[in-house]
Amino acid sequence: MRVLFVASECVPLVKTGGLADVAGALPKALTSRGVDVRVLLPGYPGVTAPSAEGEAVWREADVFGQPATVRRAPVGGLDVLALDMPAYFERDGLYVTPEGEDWPDNPFRFAALSWVAAGIARDGLADGWRPDIVHAHDWQTGLAPLYLQDWGVRDVASILTIHNMSYQGVCEAELRRDLKLPETGFTAQGYEFYGKVNFLKAGLIHSDLVTTVSPTYARELESPEFGWGLEGVLAARQERAIGILNGIDTELWDPMSDPAVPSFTSRSLSGRKAARKALLQTFSLDAGRTGPLFGVVSRLTDQKGLDLLLGILPDMLRVDGSLVLLGSGDRRLEQAFLTAARDHAGSVGVRIGYDEDLAHRIYAGSDAVLVPSRFEPCGLTQMYAMRYGALPVVARTGGLADTVIDANSAAVSAGVATGFQFDPGSREAFANAIAKVFAVFSERSLWRQMQRNAMRHPVGWDGPAERYIDLYARLMAAKEGKKRFSGTR
Ligand SMILES: Nc1ncnc2c1ncn2[C@@H]1O[C@H](COP(=O)(O)OP(=O)(O)O[C@H]2O[C@H](CO)[C@@H](O)[C@H](O)[C@H]2O)[C@@H](O)[C@H]1O
């Protein structure tokens, strides 16, 4: 079974968010189960540097005005195919300029990525490798299934995984000819979206199968609130989006062997105490405060609901809580948190930027990690938190609802709670959940039991990888005409 993964970012080479974690970890889990996976990535500087010596396995002289060369190299346990197109990808910033604006040629950059994925599926590589399946991820690769279908490549199946429906890759209709999109597809049943071109919609319509990253988000996606205008497209498909919960890379994220933090396990937490102390020192926070130390590691966007945190912060601090936050994104949120840190020096620490090492130290040293998202397709931070013994406090939405067992009275009596849930978007519900965190924090044995539960909660890729393999096998069988594909949620 040969699978071509195509994604716009991937750990350990280049990451801005959770897509990269999945695009790095899932291929590893599939490979260890015998699937032959290669991962096609844009040749950003972080990708071309480690693959520069790789063999050129595919070329085309002119892909949207630029020569394209694909180099194959083993990097970080992955079989990487780096798309070398310096004019498109050798720049500082994956999607946006240093000033935070979308690169104006993003439609061409990511159409090129999709085009090359489809080209590899059509032609195969110089070493004879040709995929059975193209597995595309998010809008940046949404045109790959369309090109495959348009070119009549019928013996390679395509899957599109939605990591976030709110980013769709919409561009002006006039570009459609230059993007080499079929004119007949520019309709409401095709890739047209309110008079524009929509990359994600193209992928949803033309892929053989659509998946998303949690069962709850799969259901939510069919409502206008979460579908961002594409809910009808999913509902109209014969096979709707299949929700497969993400896992996390439990080798990279292992408190026992993580080089960024003192070693600890669910049985022996003394290393965790040291991690907490070190974290307080990093942010020059007062070690004498008796309440929980809350942590946040997040992109600062409206999705993540962190404006709600600003609203309840003074109350949290009044009862001796503390906060550390690492994030970047929306300039106004960045400023607001920096101001909070200045106003509450000693109890609030804020780092604006991206820092992988510090992220590990926050999961290991915080008592609780806050994820108040308005919507969350899966969410990985709550799983990293659980694995490191920080109890997650999450909005009850998407994958957050699927991964955290709320400390309600039934779960507490059954001894299975792993965190705290509240109604998304509600400041009052968030404040109530925080009050509960304080209450449980003062009941040391219950807190300790929840930490143990959280740390032992299965968060790896074993189950999800098996489900993807099952889908791949059924898709291949369907392509071979053995039987009609039938998906289940
Ligand atoms: N400033 C910073 N410094 C260091 N690390 C930082 C950071 N900001 C964020 N991170 C890291 O980025 C990742 C974020 O992953 P999430 O899944 O929580 O969100 P994201 O919205 O990016 O992903 C989308 O795709 C993923 C994958 O499918 C879905 O889980 C999710 O719901 C969906 O929105 C985590 O590994 C986190 O530690």
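Residues numbered from 1 in each chain as written. Predicted model: local features only at pLDDT ≥ 70, side-chain atom pairs only at ≥ 80, totals over all residues. Heavy atoms only, no water.

The protein has the name Glycogen synthase in an unreviewed UniProt entry, where Thalassobaculum litoreum DSM 18839 is given as its organism. Word for word, the UniProt comment on the protein under Sequence similarities (unreviewed entry) is "Belongs to the glycosyltransferase 1 family. Bacterial/plant glycogen synthase subfamily." Check the Pathway (unreviewed entry) section of the UniProt entry for the protein; it says "Glycan biosynthesis; glycogen biosynthesis." (UniProt positions renumbered as here; feature names shortened; annotations may be inferred.)

Turning to the overall build of the protein, a few remarks are in order. For the protein, the helix and strand inventory stands at 19 helices and 18 strands. Computed over the C-alpha atoms, the radius of gyration of the protein is 23 Å, within 12% of the 23 Å expected from 2.2 N^0.38 for a compact globule of 489 residues. C-alpha extents for the protein along the principal axes are approximately 65 × 45 × 45 Å. Here the protein holds 489 residues, and the buried ones make up 60% of them. Taking the intrachain contacts of the protein between residues at least 6 apart in sequence as the baseline, contacts between residues at least 24 apart amount to 71%. Counting every atom, the protein has about 18,800 Å² of accessible surface; 51% of that belongs to carbon and sulfur. When the 51 positive and 58 negative side-chain charges of the protein are each reduced to one mean point, those points stand 5 Å apart. (Helix = DSSP H or I, 4+ residues; strand = E, 2+ residues; numbered from the N terminus. Rg over C-alpha atoms; globule rule 2.2 N^0.38 Å. Buried < 20%, exposed > 50% of the residue type's maximum accessible area, 1.4 Å probe, protein only. Contact = heavy atoms within 4.5 Å. Areas by Shrake-Rupley, 256 points an atom, 1.4 Å probe, with all protein chains shown as cover. Lys, Arg positive; Asp, Glu negative; His and termini not counted. Charge placed at Lys NZ, Arg CZ, Asp CG, Glu CD.)

With that settled, consider the pattern of salt bridges. Enumeration according to the criterion identifies 32 salt bridges in this entry. For E356, the salt bridge is made with K15, and the minimal N-O distance between the two is 3.5 Å. Pair noted here: E356 is in helix α13 (residues 356-365) and K15 is in the loop between β1 (2-6) and α1 (18-31), with a separation of 341 residues, a long-range link. Since its relative accessible area comes to 23%, K15 is described here as partly exposed. A salt bridge links D79 to R38; the shortest N-O distance between them is 3.5 Å. In this pair, D79 is assigned in strand β5 (residues 78-84) and R38 in strand β2 (residues 36-42), connecting sequence segments 41 residues apart. Overall, the relative accessible area of 19% leaves D79 in the buried class. On the basis of relative accessibility, which here comes to 5%, the residue R38 falls in the buried class. (Salt bridge = Lys/Arg side-chain N within 4 Å of Asp/Glu carboxyl O.)

So, about the environment of N453. By the secondary structure assignment, N453 is in helix α18 (residues 444-456). It is 8.6 Å that separates the C-alpha atoms of N453 and S266, two residues lying 187 residues apart in sequence. Not counting the four nearest positions on each side in its chain, N453 is found in contact with G415, V416, A417 and T418. Here G415 takes part through its backbone oxygen, which lies 3.1 Å from a polar atom of the side chain of N453. (Polar contact = N/O pair within 3.5 Å; in protein donor to acceptor, adjacent residues only side chain to side chain.)

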